[in-house]
Amino acid sequence: MKLEHLPQEFELARPVLQTIEQAGYEAYFVGGSVRDTILGKTIHDVDIATSAYPNEIKSLFKRTVDTGIEHGTVMILDHGTGYETTTFRSESTYTDFRRPDQVTFVRSLTEDLKRRDFTINALAMRENGEIIDLFDGLADLQNKQIRAVGNAQERFHEDALRMMRAVRFASQLDFTIVPDTLAAITAHAQLLAKIAVERTQVELIKLLMGQTPQRGLTDMLTTGLWQYCPDFAAHEPALQSLADRLTQGVSSETAVWTLLTTQFALSPAAVTPFMKHWKTSNQMINAVQTTSKTATLLAQGDLDDWHLYQCGRELISEANEVAVVLGAPDRLTSLTDRLAALPIQRKKELAITGRDLMQAGIQPGPQLGAILEDLEYRVVTGAVANEKSALVAQATQS
Ligand SMILES: Nc1ccn([C@@H]2O[C@H](COP(=O)(O)OP(=O)(O)OP(=O)(O)O)[C@@H](O)[C@H]2O)c(=O)n1
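Residues numbered from 1 in each chain as written. Predicted model: local features only at pLDDT ≥ 70, side-chain atom pairs only at ≥ 80, totals over all residues. Heavy atoms only, no water.

1. Examining the pairing of strand S1 (residues 27–30)
Stage number 1. The side-chain alternation of S1 yields two buried faces, one formed by Ala27 and Phe29 and the other by Tyr28 and Val30.
Stage number 2. Pairing analysis gives four bridges linking S1 to strand S2 (residues 47–50), with the strands arranged antiparallel. For phenylalanine 29, the partnering residue across the bridge sits in S2 and is isoleucine 48.
Stage number 3. Inspection of the sheet shows S1 paired to strand S6 (residues 124–125) by two bridges, in the antiparallel sense. The residue of S6 that forms the bridge with valine 30 is alanine 124. (Buried < 20%, exposed > 50% of the residue type's maximum accessible area, 1.4 Å probe, protein only. Helix = DSSP H or I, 4+ residues; strand = E, 2+ residues; numbered from the N terminus. Pairing = 2+ DSSP bridges.)

2. Some points on the packing of aromatic side chains
Stage number 1. Within the structure shown, the criterion is met by nine aromatic pairs.
Stage number 2. Centre to centre, the rings of phenylalanine 10 and phenylalanine 29 are 4.7 Å apart; their planes meet at 65°, and the pair counts as edge-to-face. Separated by 19 residues along the polypeptide, phenylalanine 10 in helix H1 (residues 8–22) and phenylalanine 29 in strand S1 bring together distant segments of the chain.
Stage number 3. A relative accessible area of 0% places phenylalanine 29 in the buried class.
Stage number 4. Judged by centre distance (5.9 Å) and plane angle (45°), the rings of tyrosine 53 and phenylalanine 105 are tilted. Separated by 52 residues along the polypeptide, tyrosine 53 in the loop between S2 and helix H3 (54–60) and phenylalanine 105 in the loop between strand S5 (81–87) and helix H4 (109–114) bring together distant segments of the chain.
Stage number 5. Taking the relative accessible area as the measure of exposure, tyrosine 53 reaches 25% and is therefore partly exposed.
Stage number 6. A residue is classified by how much of its surface remains accessible, and phenylalanine 105, at 25% relative accessible area, is partly exposed. (Phe/Tyr/Trp six-rings, centres within 6.5 Å; stacked < 30°, edge-to-face > 60°.)

3. Observations regarding the UniProt feature "domain: CCA-adding enzyme C-terminal" (unreviewed entry) in the chain
Stage number 1. UniProt annotation of "domain: CCA-adding enzyme C-terminal" (unreviewed entry) refers to residues 250–394 when read in the numbering used here.
Stage number 2. In residues 250–394, helix accounts for 68% and strand for 0%; the two terminal C-alpha atoms are 44 Å from one another. (UniProt positions renumbered as here; feature names shortened; annotations may be inferred.)

4. Observations concerning the site of the ligand
Stage number 1. Taken together, Gly31, Gly32, Arg35, Arg116, Asp117, Asn121, Asp159, Arg162, Arg165, Arg168, Phe169 and Lys206 make up all the residues around the ligand.
Stage number 2. One nitrogen or oxygen atom from the main chain of asparagine 121 is found 2.9 Å from an oxygen atom belonging to the ligand.
Stage number 3. Residue arginine 162 places a side-chain N or O atom 2.9 Å away from a nitrogen atom belonging to the ligand.
Stage number 4. Within the complex, the protein chains bury 70% of what would otherwise be the 560 Å² of accessible surface of the ligand.
Stage number 5. When each cavity is represented as a set of grid points, the ligand is found to reside in the largest pocket.
Stage number 6. Within the residue set of the shell around the ligand, elements represented by two or more residues are helix H2 (32–38) and helix H7 (161–173).
Stage number 7. No other element matches H7, which puts four residues into the shell around the ligand.
Stage number 8. Here the residues of the shell around the ligand are counted per class, giving one nonpolar, three polar and eight charged. (Near = heavy atom within 4 Å. Polar contact = N/O pair within 3.5 Å; in protein donor to acceptor, adjacent residues only side chain to side chain. Areas by Shrake-Rupley, 256 points an atom, 1.4 Å probe, with all protein chains shown as cover. 1 Å grid on protein atoms, 1.4 Å probe; cavity = no way out; pocket = protein on both sides within 12 Å on 5 of 7 lines; lining within 4 Å. Sits in = over half its atoms within 2 Å of the grid points. Nonpolar A, V, L, I, M, F, W, Y, C, P; charged D, E, K, R; others polar.)

Printed below as a string of structure tokens:
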């Protein structure tokens with residue numbers, strides 16, 4: 001099979017492959033971008049696999065970055081874009097079911113494709129669009145199937161996270177896991193206990209953002225993977241009912257985390273430890289706290305200007321999406337208009353600073369912060385004009 005019209009990302013990367021090939025090595029596009037292009041999905045970046053060793057790649061290009069040189073990965077910088085380029089690797093030794101502790105570089109594409117997780121991820125593409133399909137990945141794409149490359153048990157022993165990847169792809173793509181791959185997951189589910197929670201979490205969130213989360217969750221339950229995601233297993237009925245409502249695919253991680261914590265009926269105080277356990281960033285925790293509060297008010301039809309302002313342009317669409325999943329009408333347009341009509345959209349637009357207040361005789365310290373917040377509230381709610389003199393007068397009066 002040969003793809004005639006390649007997405008621009010491949011067209012731009014073509015000279016990189018040509019440079020490698022002109023030097024006498026092989027180079028192919030591999031991984032998710034090839035799979036997604038065949039499925040007609042939008043792609044974001046492309047990965048390259050090559051017979052050239054990292055030092056050989058580095059000698060061919062002016063600008064490279066050693067992003068994972070011990071695993072054979074070098075980033076080639078070309079016209080402002082970075083291309084992850086990985087030397088063909090053969091099967092490796094894994095002791096922690098995560099990353100290979102020993103990588104063997106090889107010159108053979110077949111060896112490299114053989115160690116990949118699923119047939120749909122083991123396709124390679126030449127720079128001219130020709131697809132190399134050694135494991136019937138095209139047929140599996142056509143039949144909407146997830147199948148491990150070669151012996152499924154070996155693939156999961158090499159990296160136990162692949163079991164979560166299988167259920168995640170099933171949900172994302174609306175594919176079925178073939179029986180022997182599913183059986184191997186069931187037999188090896190306990191290996192997931194060895195995987196760091198931050199890696200499992202990424203797959204779970206992608207699963208819930210997928211086209212058919214119900215399918216992914218069912219696969220997790222029937223295989224027993226579920227038991228190795230403890231916090232989630234405790235909330236099984238709530239998660240099932242959430243999955244039933246997630247029929248359209250949720251667009252952001254913030255919205256998924258907010259839905260999870262809302263659906264699990266976690267108190268605001270319980271949200272932080274729950275998310276910290278899953279090693280999410282503090283930024284995500286803060287975003288979820290704000291989005292959650294706003295979505296609840298929205299679902300109650302009770303969102304005032306101050307809470308709308310606190311959510312801001314960045315999070316309002318997430319809050320609206322959460323409220324819609326929880327049964328509220330879609331109000332995004334009117335919310336965006338309401339936000340735009342507020343006297344200010346963010347704190348830095350306030351016409352007064354802490355320094356102005358100190359010049360007006362207010363002592364620095366926590367009280368000054370409280371006064372500033374009170375002024376911000378009054379400006380947003382229209383109680384006072386956003387003008388420095390009016391704000392100083394207000395501050396010194398109270
Ligand atoms: N545990 C893993 C992770 C990755 N891969 C291989 O490395 C490729 C790139 O991995 P990654 O970027 O993590 O995933 P994608 O398949 O590209 O999918 P997505 O970007 O949607 O996560 C995969 O296609 C697969 O061939 C693998 O064999 N085993």
